Amino acid sequence: MSDLPPVTVPSPLDQLPDRDPEETAEWAASLDAVAAAAGPRRAAYLLRRTMEHAERTGLPAPRLLETDHVNTIPTAAEPPLPGDEDLDRRITAWNRWNAAAMVTRGSRHGLGGHISTYASAAWLYETGFQYFFRGKADGSGDQLYIQGHATPGIYARAFLDGRLTEADLDRFRQETGPGGLPSYPHPRRLPWLWEFPTVSMGLGPLSAIHQARFNRYLHHRGIKDTSASHVWAFLGDGEMDEPESTAALALAGRDGLDNLTFVVNCNLQRLDGPVRSNFKIVQELEAQFRAAGWNVVKALWGDTWDTLFALDTTGALAQRLREVPDAQVQTYATRDAAYIRGHFFGGDPELARIAAQLDDATVLDCFRTSRAGHEPRKVYAAYHAALAHRGGPTVVLAQTVKGHTLGDGFASRNANHQMKKLSTAEFRAMRDLLDLPIPDGALDGDQVPYAHPGADSPEVRYLQERRAALGGPAPARRLHPAPALPEPAAAPFDAVAKGSRSQEIATTMAFVRLVKDLMRDKDTGTRWVPIVPDEARTFGMESLFPKHGIYSPLGQTYDPVDHDQLLSYTEARDGQILNEGITEAGSMAAFTAAATAYATHGVPMIPFYIFYSMFGWQRTADQMWALADQLGRGFLVGATAGRTTMTGEGLQHADGHSHLIASTNPAARSYDPAFAYELAVIVREGLRRMYGPNPEDVFYYLTVYNESKIQPPMPQRPGIEEGIIKGLYLYQEAGPAQDTSPAGGTPRLQLLASGTALHWALDAQRLLARDWGVAADVWSATSWNELRREALSCDEALLRGQERTPYVTRALAGAPGPVLAVSDWMRAVPDQIAQWVPQDWNSIGTDGFGLSGTREDVRRHFGVDPESVVVAALAALARQGAVKATTVAEARHRYGR
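The text that follows walks through the structure, step by step, so that each part is easy to find.

Quick notes on the rules
Each chain has its residues counted from 1, running along the sequence as written. Since the coordinates come from a predicted model, pLDDT governs what is reported: local features require at least 70, and pairs of side-chain atoms require 80 or more to be given and counted, while whole-chain, interface and lining totals use all residues. Calculated side-chain values reflect all of the structure's heavy atoms, with hydrogen atoms and water omitted. A run of H or I in DSSP counts as a helix once it spans at least four residues, and a run of E counts as a strand once it spans at least two, with each numbered from the N terminus. Type-normalised accessible area, obtained with a 1.4 Å probe on protein chains alone, sets the label of each residue: buried when under 20%, exposed when over 50%, and partly exposed for intermediate values. Two residues qualify as a contact provided that any one of their heavy atoms is within 4.5 Å of a heavy atom in the partner residue. Residue burial considers only the protein chains on display, and all accessible areas are found by Shrake-Rupley using a 1.4 Å probe. Positive charges come from Lys and Arg, negative ones from Asp and Glu, while His and the chain ends are left out of the count. Positions of charges follow a simple convention, taking NZ of Lys, CZ of Arg, CG of Asp or CD of Glu. We call a pair of cysteine sulfur atoms a disulfide when they lie within 2.5 Å. Geometry of aromatic contacts follows a simple scheme: Phe, Tyr and Trp rings, the Trp one being its six-membered ring, pair when their centres are within 6.5 Å, and the pair is stacked under 30 degrees between planes, edge-to-face over 60, tilted otherwise. Note on pairing: two strands pair once DSSP finds at least 2 bridges between them. Orientation is described by axes fitted as lines to C-alpha atoms, over the contacting stretch for helices, and by angles from 0 to 180 degrees between their N-to-C directions.

## Observations concerning the overall build of the protein chain
Looking only at helices and strands, the protein chain has 34 helices and 20 strands in total. Each of the three principal axes of the protein chain carries a C-alpha extent, and together these read 110 × 80 × 65 Å. Taken over 897 residues, the protein chain has a buried fraction of 57%. Considering only intrachain contacts with a sequence separation of at least 6, the fraction spanning at least 24 residues in the protein chain is 77%. Entry remark: accessible area of the protein chain is about 36400 Å², with carbon and sulfur atoms responsible for 52%. Each charge sign in the protein chain was given a centre, from 88 positive and 106 negative side chains, and these centres are 4 Å apart.

Right, dumping it as structure tokens:
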């Protein structure tokens, strides 16, 4: 035992002057008196009531981050359900049945599917569809981010309202033929139904926040009135562990996005077990969301619990609910009444008094089924409160039982996520529980039947009436094509094509200048959406600040420190630039919202997202895959590209592989231009392909460099633009070279280079001619990926009996000598096209980790500087006998290689 006196930690309030210490002491004494007379629970209750009152009346006191583990809206305060609750229940019962039947029938083919998620969340969706979710008949409607594992229930509803047939349902997860239904919300696979891909967990909530923000952006800029659109994101409590799920909560709070509601299905289970086995996920999420500025509505307990709360006169029940860990609540849902009486009520005399007044049926109902998420009036009350809240986003934390109505073998079981079918006996029990008019004889066959009340039944008529009143079916994606954007004026492109004369500029700066001029176009300039993760000045974008402004819903409430400078930091409510802060994930989510505005809002926007090349594809490639699924269009720009151009930044800043990752995405059109005029041609073609009369569902990835060079004018030769777009063209033929070959003819080879490596190839071309008598033709490979894509299509055509020669093969046909590919990328990037090159193939690149140093030293380290290119070229020629083998050794010695 220590003899030291206890340490008294001062309160932070001690830093503030107390103008009346005596009054402060009286308040503390009053609290002590309540605790002594009525118990600590009563004292704590009074404190919480006082804090709630302070928050409601606007007193500048810290907000409560956590409330009791009870419903935010008590039963007495619930608004009446405006529709026919009996018909709502029957509709939901049909959908529950058909969702389970669809997955069970699919299990015959070994395809699986998820049953338990929709079973727990059915009322969360059905209440929204019946009373809240706006369709698109009168505008953009609401945007619905459906939880991926709940997809069977959405298909079942589309079957009930006539948008899908039994044959469609039987094609669930069978997409190789016509009419297949994708396993999850995939717009690319089912573009008339799904708007947003959500099953890569964490991306849905992040995208939903930025979608709500982009809706406001369009409204504040006067491009589209989105004031009636609301974003609903349905999430699992386990999904909230993904870092992307909570990455932008503070953004939504800061921006006051009251056009956004999260609905978190708190069934307390993740895929293999409890979400918080020893803790309470609802309480944790409440504190997290409240701290970020969200309104929190807890819908936890069903009507049966009202009896228990009415008997709780001391707060013992509320205290016990705060104490019991989630895994134990899950266990209660599977055990008998005696277990619950002993383990939940048995440890406290006041709880024992409550339990003595309950029969076993009430005890079991409370812990097995009575959850607010299973009662439409409580769900309606929660959603009603969410839409009524102003000034910030709302999260509804709805407690459910995973596998609800599927039987004891499913409900609250750890393995229910992996359970893909019901037995006939389980279907009979489910039918009886849901009171569906399905005869026993219909269940005697080899497979469970689908069930439908009839197209003219009260249920279907009522469902369709409700959807008509809300603006049409949901979910639904716009199918009508957005109007093509006018082609921008030629002047900006022509200016770039003239080159930079004597001025040295990097291709990053050339791109920004091009877009800056395009943003002045009277027809399309307002449609550009510049997106950057904080480092706009790094990319030379500060020139956009004064004229176009940085978007902020608050405008600019301060005097910027650089207000007296020409290019001062300028925020505006109608600002055009989205400066997202240091978040590539948030920037990519903003890009996706803009890239799909042509469908979501019928307004084509032209986003370009510029980022450090290393921190784009390798960090957010999952979001880029979702972008492709969502049919997004726009320009991704990897700046400061390459493994050797970022001098001094080192290993984690040196990108030598993003094009390799980009090549895996079928919707990405990837380019690595060397010159500004190539950029201009690619951007112009991209605008035509994505926003012209026949728009394609693709997006562009461009890599640009921070190495300043004189930008040459565009060569005036036929076929240049075609070559730039297809990925390869002859930039500079070999000049005269001294004949030193053993065969008596001038040795010749082909140098293929992309991006900044083209400059090394041109230097090598001069050295080869001057020092070794070798002629080298230099080709600009603007896209290794596009060359491969086109060649693969030719191979596929050949298997169908169509004779097509790949473009790269035709372009290089007859070119003398071997081929040497050079780039600032790992060799696997150019090696993608090797099999279609008729000449002997050779490549050098920047394989390995990046490192700090001067560009010259780092290029020498990787063996891609001009002298190293010369050595590699001579080695390729030596293997063909075009030069002596000793020439290679001589070159190494001369250049210190």
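## Focus on the side chain of arginine 157
Considering the arrangement of structural elements, one finds arginine 157 in helix H5 (residues 151-160). The exposure class of arginine 157 is buried, given its relative accessible area of 3%. Leaving out residues up to four positions away in the same chain, arginine 157 has contacts with Ile91, Asn95, Glu126, Phe129, Gln130, Leu463 and Arg467.

## Some words on unusual backbone geometry
Trans is the common state for peptide bonds, and a negative phi is the common state for residues other than glycine. Along the chain, alanine 474 connects to proline 475 via a cis peptide bond; the corresponding omega equals -5 degrees. Residues other than glycine seldom take positive phi values, yet aspartate 435 does so here, at roughly 60 degrees. Classification of aspartate 435 as exposed rests on a relative accessible area of 65%.

## Some remarks on the side chain of histidine 210
For histidine 210, the location among the structural elements is in helix H7 (residues 203-220). The class of histidine 210 is buried, set by a relative accessible area of 4%. For histidine 210, the contacting residues outside a window of four places in its chain are Ala248, Leu251, Glu580, Gly586, Ala589, Ala590 and Ala593.

## With respect to the environment of isoleucine 223
Relative to the helices and strands, isoleucine 223 resides in the loop between H7 and strand E2 (231-236). For isoleucine 223 and tyrosine 551, which are 328 residues apart along the polypeptide, the C-alpha to C-alpha distance reads 14 Å. For isoleucine 223, the residues in contact, after removing those within four places along its chain, are Leu218, Thr526, Val603 and Met605.

## Notes on the state of the cysteines
Tallied over the full model, the rule gives zero disulfides. The thiol of cysteine 366 is not disulfide-bonded; the next cysteine sulfur, from cysteine 266, is found 19 Å away.

## What about the packing of aromatic side chains?
Both the distance between ring centres and the angle between the ring planes are used here to describe each pair of aromatic rings. Per the stated rule, a full pass over the model turns up 44 aromatic pairs. Consider the rings of phenylalanine 132 and tyrosine 380, whose centres lie 5.1 Å apart with planes at 45 degrees: the pair is tilted. Here the residue phenylalanine 132 occupies a position in the loop between helix H4 (116-131) and strand E1 (143-145), and tyrosine 380 occupies one in helix H17 (residues 376-388), the gap between them amounting to 248 residues. Side by side, phenylalanine 132 and tyrosine 380 carry an identical accessibility label, which is buried.

## Details of the sheet that holds strand E18 (residues 775-780)
Strand order in the open sheet made by the five strands is E16-E18-E17-E19-E20, with mixed pairing throughout. Strands at the two margins of the open sheet, each flanked by one partner only, are strand E16 (729-732) and strand E20 (841-844). Pairs of neighbouring strands in the sheet enclose a mean axial angle of 30 degrees, with direction left out of account. In terms of strand pairing, E16 meets E18 through three bridges, oriented antiparallel. Of the residues in E18, the one forming a bridge with glutamine 732 is valine 778. Against the sheet, helix H29 (residues 757-772) contacts E16, strand E17 (748-753), E18 and strand E19 (819-822), and its axis sits at roughly 170 degrees relative to E18.

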